[in-house]
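So the chains spell out like this:
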There are 2 protein chains.
Amino acid sequence: MDRSRLDDALSTTGTDGYLIDASQEDANQFYLSGFTGPDPFLTLAADGETSMLVSGLEYGRARSEATVDVVKRHADYDYEYGGREERYDMYAAFMRGKGVESVSMPPRGPVGTADALRERGIDVRVDHEDRLTEVRAVKTDEEIAAIREAQRANEAAMRAAEELLREADVADGHDGDLVEETLLYDGTPLTSERVKSTIEIELLNHGCALDETIVAGGEQAADPHDRGSGPLRANEAIIIDIFPRSKTTRYNADMTRTFCVGEPSDELRERYAITEEALSAALEAIEPGATGEDVHAAACSVYEDAGYPTFRTDPKTEVGFIHSTGHGIGLDVHELPRLSSGGGSLEPGHVVTVEPGLYDPAVGGVRIEDLVVVTADGYENLTEYPIEFVID
Amino acid sequence: MDRSRLDDALSTTGTDGYLIDASQEDANQFYLSGFTGPDPFLTLAADGETSMLVSGLEYGRARSEATVDVVKRHADYDYEYGGREERYDMYAAFMRGKGVESVSMPPRGPVGTADALRERGIDVRVDHEDRLTEVRAVKTDEEIAAIREAQRANEAAMRAAEELLREADVADGHDGDLVEETLLYDGTPLTSERVKSTIEIELLNHGCALDETIVAGGEQAADPHDRGSGPLRANEAIIIDIFPRSKTTRYNADMTRTFCVGEPSDELRERYAITEEALSAALEAIEPGATGEDVHAAACSVYEDAGYPTFRTDPKTEVGFIHSTGHGIGLDVHELPRLSSGGGSLEPGHVVTVEPGLYDPAVGGVRIEDLVVVTADGYENLTEYPIEFVID
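Definitions and limits used
Residues numbered from 1 in each chain as written. Chains lettered and ligands numbered in written order. Predicted model: local features only at pLDDT ≥ 70, side-chain atom pairs only at ≥ 80, totals over all residues. Heavy atoms only, no water. Helix = DSSP H or I, 4+ residues; strand = E, 2+ residues; numbered from the N terminus. Polar contact = N/O pair within 3.5 Å; in protein donor to acceptor, adjacent residues only side chain to side chain. Contact = heavy atoms within 4.5 Å. Buried < 20%, exposed > 50% of the residue type's maximum accessible area, 1.4 Å probe, protein only. Least-squares fit on C-alpha atoms with pLDDT ≥ 70 in both. Phe/Tyr/Trp six-rings, centres within 6.5 Å; stacked < 30°, edge-to-face > 60°. Lys NZ or Arg CZ within 6 Å of the ring centre and 35° of its normal.

Per an unreviewed UniProt entry, chain A goes by Xaa-Pro aminopeptidase and derives from Halorubrum vacuolatum.

Put into structure tokens, the structure is as follows:
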């Protein structure tokens, strides 16, 4: 955490403090507290000091693990497990104990806590600027190293998946009931589930936790968020999109490759080539001062010039380039900045995915995604995995 | 989802509708929408009908996968990705389109959305009763079956872990630099990390996603939320607490066993025996009409009668029985009802963990946890795993 940037940002809220009420799953909470608690707890930044309020169960671990200045526990306020109003009374007492009469909460902070504090005379305001999220978007060298390390694990998983595809046989119509062109591994159909399982175990072995993984072929790949299921086939485009989180650092990585075992159609080859072009154009647009909208525009222009629809030319289109060009990544898989319409200025230390793609149920889907960090004069690509479509 | 209980509960809010603004990670959201979207989206229950508002990216999948009555997309409101105020304008228009002028949100709904809707003339009230969570607490037969299935996967993982302990050798002082009593597997120290990795892979093979797992021995086990790390030793108590989520159903299971390889001290044996007693007493107290507080009291009394401190006798104690007796489980690992001070009435269909434990850094930790469903006349234990302390 970059404490001086944090203090600077929070000093502009116009309130006495900044309050997070969330569990470890909330990236702001982990960023501010350094603590992994499975149930919601409070962290308050006020007057250049951070304070936490946790249950007795978490107290010992909080004192040794949290990165805050002060740890308070429920018993300090004579609160035992139970009553709702008493709990909010305790929250208000905790804040007043820090001299806080007005406080900011991020937009996704809980309304129950906000309203209860208001009823107790504390002026709670929504930080619509989402300052903590803005602070988190700019990574320190240590955070960049954590993301880079997660991307190495990601590449090992992608390699294991590609290897499965490479070793697959293709059913040729003489394999009993199998649909022709079905990929076979050890004599049975190679499914999305089988590839995902290989990816997951490889990630585990590299210390990464498993969220969802996308392994989608053919028509399934034409829906960017379809996770994919069932047998994979030769000569179709297979999208593999992996976004693991390091269990040690809690930072995420993200990468997508599209493969074709055998012989893609001319249509698929053209779509892959134009997507590579869109990726290059977007990457070239990345530098401090450029906006996320500029980068998105660079990718959209490549597609639009080639005659494919985008959300810019048709907001209701269900084919073409139907998502944003990328997103920030860190403790959250999706965070600031956005490479999309309305996306703001890029700064050194922003880590973003760049992931143009083309989708059409009649053809399939193609997406290529790298992960880069914005530098003083451009970007550095944190992805080392080759970009190759056809697996012979 | 039990639609009639849902409609009954939501009809008592005194508002026109019930709004969830959250991603798939929010259990209320998945319960109400049946949809897995990685970014926050809106689901509104009003007038016996559920409606969703999603981005264009999710629209196709939402129409085929979500269990709601109506799916709207951003383009229906001429909104493209970007502006914050325009987004809230769209939210207000979506709600007005359903005739909603007043709306309830759960306590953990986002304050940014609540305040923005208020600024737009919609009366947003916090549902402090948390009605949707109360509805979710009572499981249908289908939900119970999903939890039971996840517990079977959990038991397979526990078996794999116990097997590792059973096959371990014990360093005897002739093994070079190894601390005496260190457990050895294939000649190297058996670590918490190694056992967790075995658990995780077994769960993966059973279609379960991995959250954290606790494998903590000796002094580490004396902190109930310490996940454990480093070499495990003979003659110490080793707590293994596994809470997997089914990737298919998204329902969780939960179970804890405590093992000792070799010869536990008399002190540890006594603590294990009294914890088995506390477990039995708590289970016996479970029936419709009993409260979570009653069940917790039953466990506490066993410990207190044996001279161990609890939060009832000393709210600041850091040794003894220092957590609640259990919690509801379902789409969330921790949900209603609570088996703790202030815990409310039990109803048939409630699924709860029962997990008494004793902790002391000087002795170690012991916890035994089963998962049960409240039935018409008592409870059914969803856990089949044996309760045995010593591994010879």
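Participant: Which residues make up the side chain of Q24(A), and what values do they have?
Facilitator: By secondary structure assignment, the location of Q24(A) is in the loop between strand 1 (17–22) and helix 2 (27–33). A distance of 3.3 Å separates polar atoms of two side chains, one belonging to Q24(A) and the other to R227(B). Setting aside residues up to four positions removed in sequence, Q24(A) forms contacts with F30(A), F35(A), T36(A), G37(A), P38(A), F41(A), R250(A), E212(B) and R227(B).

Participant: So, the environment of D127(A): which residues are in play, and what are the values?
Facilitator: Residues and elements named next belong to chain A. Here D127 is to be found in the loop between strand 6 (123–126) and helix 6 (131–137). Looking at D127, the relative accessible area reads 2%, which means it is buried. Along the sequence, D127 and F243 sit 116 residues apart, while their C-alpha atoms lie 29 Å from each other. Excluding its chain neighbours within four sequence positions, the residues that come into contact with D127 are Y18, S104, M105, P106, P107 and L132. Within the structure, D127 has its side chain in polar contact with the side chain of Y18 (distance 2.6 Å).

Participant: I'd like to hear about the relation of the copies chain A and chain B, residue by residue, with values.
Facilitator: With an RMSD of 0.0 Å, the fit of chain A onto chain B corresponds to turning through 180 degrees and sliding 0.0 Å along the axis. Both copies of the chain, as the preceding transformation shows, are related through a two-fold rotation axis. The C-alpha atom lying nearest the rotation axis in chain A is that of V111(A); the distance is 2.1 Å.

Participant: An account of the packing of aromatic side chains is needed here, citing residue identities and associated values.
Facilitator: All names here are of chain A. The tally for this structure, following the rule as stated, stands at twelve aromatic pairs over all chains. Each ring, one from Y88 and one from Y91, has its centre 5.9 Å from the other, and the planes form 75 degrees; the classification is edge-to-face. Of this pair, Y88 and Y91 are both found in helix 4 (residues 84–97), three residues apart, which corresponds to roughly one turn of the helix. Relative accessible area serves as the criterion here: at 8%, Y88 is assigned to the buried category. Judged by centre distance (4.3 Å) and plane angle (15 degrees), the ring pair of Y272 and F389 falls under stacked. Taken together, the positions of Y272 in helix 9 (residues 266–284) and F389 in the loop between strand 21 (378–381) and strand 22 (390–391) put the pair 117 residues apart, joining distant regions of the chain. Of the two residues, Y272 and F389, neither departs from the other in class, the shared state being buried. The positively charged end of R250 is found above the aromatic ring belonging to F30, 5.3 Å away from the centroid.

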